[in-house]
Amino acid sequence: MFAYYFMLGVRSLRRNPALTALMVLTLAVGVAASVSTLTILHVMSADPIPEKSSRLFVPQFDNGQVADYTPGEDPGDMQMSYPDAANLLKSGQGERRTAMYGVPAAIEPPRKDMPAFSATGLAPTRDFFAMFNVPFLHGQAWSEADDARGADVVVLGRETAEKMFGDASPVGQRLMLMGSPFTIVGVTDTWAPLPRYYKLIGGNRFGTPEEFFIPFSTAIRHETQHAGSMSCNANRDPGFASLLASECTWIQFWFETRSSGDRVELQTWIDNYAKEQRKLGRLKRNAPNMLYNVNEWMEKLKVVGNDSKLSAWLAFGFLVLCLVNTVGLLLAKFSVRASEIGVRRALGASRSEIFHQFLIETGVVGLVGGLLGLVLAFGALALIGMQSKGMANVAHMDWQMLGLTFVMSVSAAIAAGLLPTWRACQVTPAIQLKSQ
């Protein structure tokens, strides 16, 4: 019986084609707006590195002053000072460790026909690439020896490398960076999903791909200032040494442990380290020392901001508005079929059978609207990807979103069709037969 009613529903699409087209388009626009917004929200809020997110940790110390301090308040500092970062790098804790900070630089290409240009990079240690599963298109990360001696080596991002060298491998070539010659040792491949990774590691505040990577020790040796703002005015001091000795929080730090169960041991070590620093007079507040895994750190940074969540609610509101319009269109479509319903009731069809028939017809409308909504959603996501490079690898639809599109569309159509279908079932056969 379902198959029969389904075929009736397909045939009914040709009745009142104008009303049918309006219903399908209304549902399609509402579903496309909702699904495209939810797709971006879903991808951005998902675990960016699920295979090891429970083994990557960010430590956080409270380096603030005692004045105006309220016990238990959030320190607000997302990063740490250089003395703490240097101590943690030497600690031997975890399987891998990396300190990093964003660095600005002028790049002078080896090509004479290309002028120098400004770029934003990241200064991590070698472990960074293995910790965050950074793929390489050419070459590899620098060596531990390069880290130790602060060698002038650089890993380029794919776009930066192609901008200067095309598709050829630039490994082994040299370029001028920050006024000094640097040797290119590798080129990273496209790293997706970029916005979540780059906001996660704090490389730059825009969540866009890094254009180059240099060793942390090299950036320090060249006295390279932080690309963003710091939580103190030490960067205005003419001496870079005073910045390194200060409690200015400007460095991001990550640990990688062998298993998630090592978190307790790492937390204990962090607490003991902070206790020692308080005895030395460095950490003045007796605040708890935090340790965040990847998902907790994303929540802390509000990678998915309240504005994105508000957009999702607005998209749902738009879908509800489309449903209200669809209810009106279905009432108009079903009202002109009163005579058909009267004849069917006179021939023995029950109200339940009429209800099932018309509800399945609305489901068919929803299915067609879902297909059109899917096309519109793909178009919207493609347009978002073209307009924003940072969103290029986020604006895509996975199988979960594909399934959600059809579920939302059919469910929305059925929900909108409940009232018109119920009204259709109330038709009195005798009155319809007499009037016809």
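Provided above is the structure to which this section pertains.
An account of the accompanying structure is given in this report.

Cut-offs and rules
- Residues numbered from 1 in each chain as written.
- Predicted model: local features only at pLDDT ≥ 70, side-chain atom pairs only at ≥ 80, totals over all residues.
- Heavy atoms only, no water.
- Helix = DSSP H or I, 4+ residues; strand = E, 2+ residues; numbered from the N terminus.
- Buried < 20%, exposed > 50% of the residue type's maximum accessible area, 1.4 Å probe, protein only.
- Contact = heavy atoms within 4.5 Å.
- Areas by Shrake-Rupley, 256 points an atom, 1.4 Å probe, with all protein chains shown as cover.
- Arc of directions from axis to C-beta.
- Salt bridge = Lys/Arg side-chain N within 4 Å of Asp/Glu carboxyl O.
- Pairing = 2+ DSSP bridges.

1. Some words on the overall build of the chain
A count of helical and extended segments in the chain gives 16 helices and ten strands. Each of the 436 residues in the chain was classed as buried or not, and the buried ones make up 47%. When contacts within the chain are restricted to residue pairs at least 6 apart in sequence, long-range pairs at least 24 apart make up 78% of them. For the chain, the accessible surface area stands at approximately 20600 Å², while carbon and sulfur atoms represent 58% of it.

2. Things to note about helix 11 (residues 294–301)
Of all the positions in helix 11, only Val294, Trp297, Met298 and Lys300 are classed as buried. End-on view of helix 11: buried residues confined to an arc of 160°, all on one side of the axis. Just downstream of helix 11, lysine 302 is the residue with a positive phi angle, here 55°.

3. Notes on the pattern of salt bridges
A full pass over the atoms with the stated rule returns eleven salt bridges. One salt bridge connects arginine 55 with glutamate 256, and the closest N-O pair in it is separated by 3.1 Å. Here glutamate 256 lies in strand 9 (residues 252–256) and arginine 55 lies in the loop between helix 2 (17–45) and strand 1 (56–60), a separation of 201 residues in the sequence. For the pair arginine 55 and glutamate 256, a shared accessibility class is recorded, and that class is buried. Between arginine 96 and glutamate 256 there is a salt bridge; the shortest N-O distance is 3.1 Å. One end of the pair, arginine 96, is in strand 2 (residues 96–108); the other, glutamate 256, is in strand 9, with 160 residues separating them in the sequence. Residue classification places arginine 96 among the partly exposed residues on the basis of a relative accessible area of 24%.

4. Describing the side chain of glutamine 93
As for its position among the elements, glutamine 93 is in the loop between helix 3 (82–89) and strand 2. The exposure class assigned to glutamine 93 is buried, which follows from its relative accessible area of 17%.

5. Digging into the pairing of strand 1
Burial analysis of strand 1 places five of its five residues in the buried class, which makes it a mostly covered element. Across the two faces of strand 1 the burial is the same, with Leu56, Val58 and Gln60 and Phe57 and Pro59 all buried. As paired elements, strand 1 and strand 9 share two bridges and run antiparallel to each other. Residue pairing in the sheet places leucine 56 in a bridge with glutamate 256 of strand 9.

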